[in-house]
Amino acid sequence: FFFQAEDGIRDSSVTGVQTCALPISGLARPLRELTILVTARGNDCQKEWTAHEMHALDAGLDPKIIDIVKHRKPLDGVGETEAAIIAFGRELFASKKVSAATYAQALKTLGQPRLVHMIGLMSNYTMTSVIFAALDQQVAPDQVPLLPLP
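Residues numbered from 1 in each chain as written. Predicted model: local features only at pLDDT ≥ 70, side-chain atom pairs only at ≥ 80, totals over all residues. Heavy atoms only, no water.

**Student:** Sorry if this is basic, but what is going on with the overall build of the protein chain here?
**Tutor:** Along the protein chain, the regular secondary structure elements total 7 helices and 2 strands. Walking the protein chain from its N terminus toward its C terminus, one meets helices and strands in the order β-β-α-α-α-α-α-α-α. Taking all 150 residues of the protein chain together, the buried fraction comes to 41%. Total accessible area on the protein chain stands at roughly 7900 Å², and carbon and sulfur atoms take up 58% of it. (Helix = DSSP H or I, 4+ residues; strand = E, 2+ residues; numbered from the N terminus. Buried < 20%, exposed > 50% of the residue type's maximum accessible area, 1.4 Å probe, protein only. Areas by Shrake-Rupley, 256 points an atom, 1.4 Å probe, with all protein chains shown as cover.)

Shown next as structure tokens:
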């Protein structure tokens with residue numbers, strides 16, 4: 001079966017459930033895709049990253065930002081909103097918590113509705129990463145893995 005989001009993304013995998021279950025109006029599409037990529041990188045989820053890098057590019061996310069997330073580079077030159085999402089995700093996935101300062105910066109930059117939506121996306125796509133790991137889901141045979149993993 002297929003799920004289709006309001007923005008036309010079709011998905012037959014577990015992620016299709018999230019595409020439809022979450023409201024998609026909280027973050028603009030490039031920021032949604034950035035949030036998903038930050039989560040995929042934080043969980044080292046090859047399948048999720050490989051699926052969403054293309055969506056991020058299609059959504060207009062700057063390839064330089066994708067590269068910064070992919071290779072865990074410093075946030076030099078990244079816009080305030082994108083930097084807040086990346087910094088929040090990096091800290092959350094590395095420490096399993098965020099500091100008051102990181103939370104306050106994300107709240108100031110994103111506002112409460114977008115911050116809550118970002119956290120919801122991170123939670124949902126973390127769940128997907130766990131499911132993919134538990135079921136040993138890999139990228140399709142015709143796909144090239146795009147995420148460098150340790």
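**Student:** How do you make sense of the nonpolar core when you look at a structure like this?
**Tutor:** The tendency in soluble globular proteins is for nonpolar side chains to be buried as a group. Leu34, Ile85 and Met118 are the most contacted members of the largest nonpolar core, which has 28 residues in total. Sort the elements by how many residues they give to this core and helix H2 (residues 29–42) lands first, with 6 residues. Residue contacts for Met118: discarding those within four places in its chain leaves Leu27, Thr35, Ile85, Phe88 and Leu110. (Core = buried A, V, L, I, M, F, W, Y, C linked by side-chain atoms within 4.5 Å. Contact = heavy atoms within 4.5 Å.)

**Student:** Which parts of the structure should I look at to understand the side chain of Thr39?
**Tutor:** Turning to its location among the elements, Thr39 is positioned in helix H2. By relative accessible area, which is 1% here, Thr39 ends up buried. Filtering out sequence-adjacent residues up to four positions away, Thr39 remains in contact with Phe93, Met122, Tyr125 and Thr126.

**Student:** Explain the packing of aromatic side chains to me, please; I cannot follow it from the model alone.
**Tutor:** Aromatic ring pairs are defined here through the distance separating the ring centres and the angle between the ring planes. The tally for this structure, following the rule as stated, stands at 0 aromatic pairs. Above the face of the Phe132 ring, Lys47 is positioned so that its terminal group lies 5.5 Å from the ring centre. (Phe/Tyr/Trp six-rings, centres within 6.5 Å; stacked < 30°, edge-to-face > 60°. Lys NZ or Arg CZ within 6 Å of the ring centre and 35° of its normal.)

**Student:** Explain the environment of Pro148 here, please?
**Tutor:** Its place among the elements puts Pro148 in the segment after helix H7 (112–134). On a C-alpha basis, the gap between Pro148 and Arg41 in space is 9.3 Å, while along the polypeptide they are 107 residues apart. With residues up to four places along the chain from it excluded, the contact list for Pro148 reads Arg41, Lys70 and His71.

**Student:** Would you mind going over the packing of helix H5 (residues 80–95) against helix H6 (residues 100–110) with me for this structure?
**Tutor:** Two numbers describe how H5 lies on H6: the axes approach to 9 Å, and their chain directions differ by 150°. Considered as vectors, H5 and H6 are oriented roughly antiparallel to each other. For the crossing formed where H5 meets H6, the hand is left-handed. Across from Glu80, Thr81, Ala84, Ile85, Ala87, Phe88 and Glu91 in H5, the residues of H6 making contact are Thr102, Tyr103, Gln105, Ala106, Thr109 and Leu110. Of the residues belonging to the contact of H5 with H6, the class tally is 7 nonpolar, 4 polar and 2 charged. (Axes fitted to C-alpha atoms, helices over the stretch in contact; angles between N-to-C directions. Parallel < 35°, antiparallel > 145°, perpendicular 65-115°, else oblique. Left-handed = near helix turned anticlockwise from the far one by under 90°. Nonpolar A, V, L, I, M, F, W, Y, C, P; charged D, E, K, R; others polar.)

**Student:** What is the right way to read the environment of Leu57 from this model?
**Tutor:** Along the chain, Leu57 falls in helix H3 (residues 46–59). Taking the relative accessible area as the measure of exposure, Leu57 reaches 40% and is therefore partly exposed. C-alpha separation for the pair Leu57 and Glu33, spaced 24 residues apart in sequence, amounts to 8.8 Å. Apart from residues lying up to four places away in sequence, Leu57 is in contact with Pro63 and Ile66.

**Student:** Help me out: how do you make sense of helix H4 (residues 63–70) in this one?
**Tutor:** Side chains that are three or four residues apart share a direction in an α-helix, a result of its 3.6 residues per turn. Of the residues making up H4, those classed as buried are Ile65, Ile66, Ile68, Val69 and Lys70. Elements that come into contact with the buried residues of H4 comprise H2, H3 and H5. One side-chain oxygen of the residue at the start of H4 lies 2.8 Å from the amide nitrogen of Lys64, identifying that residue as Asp62. Following H4 by one or two positions, Arg72 has its phi on the positive side, about 55°. (Polar contact = N/O pair within 3.5 Å; in protein donor to acceptor, adjacent residues only side chain to side chain.)

Treat this as a map of the structure, not an account of what it does.
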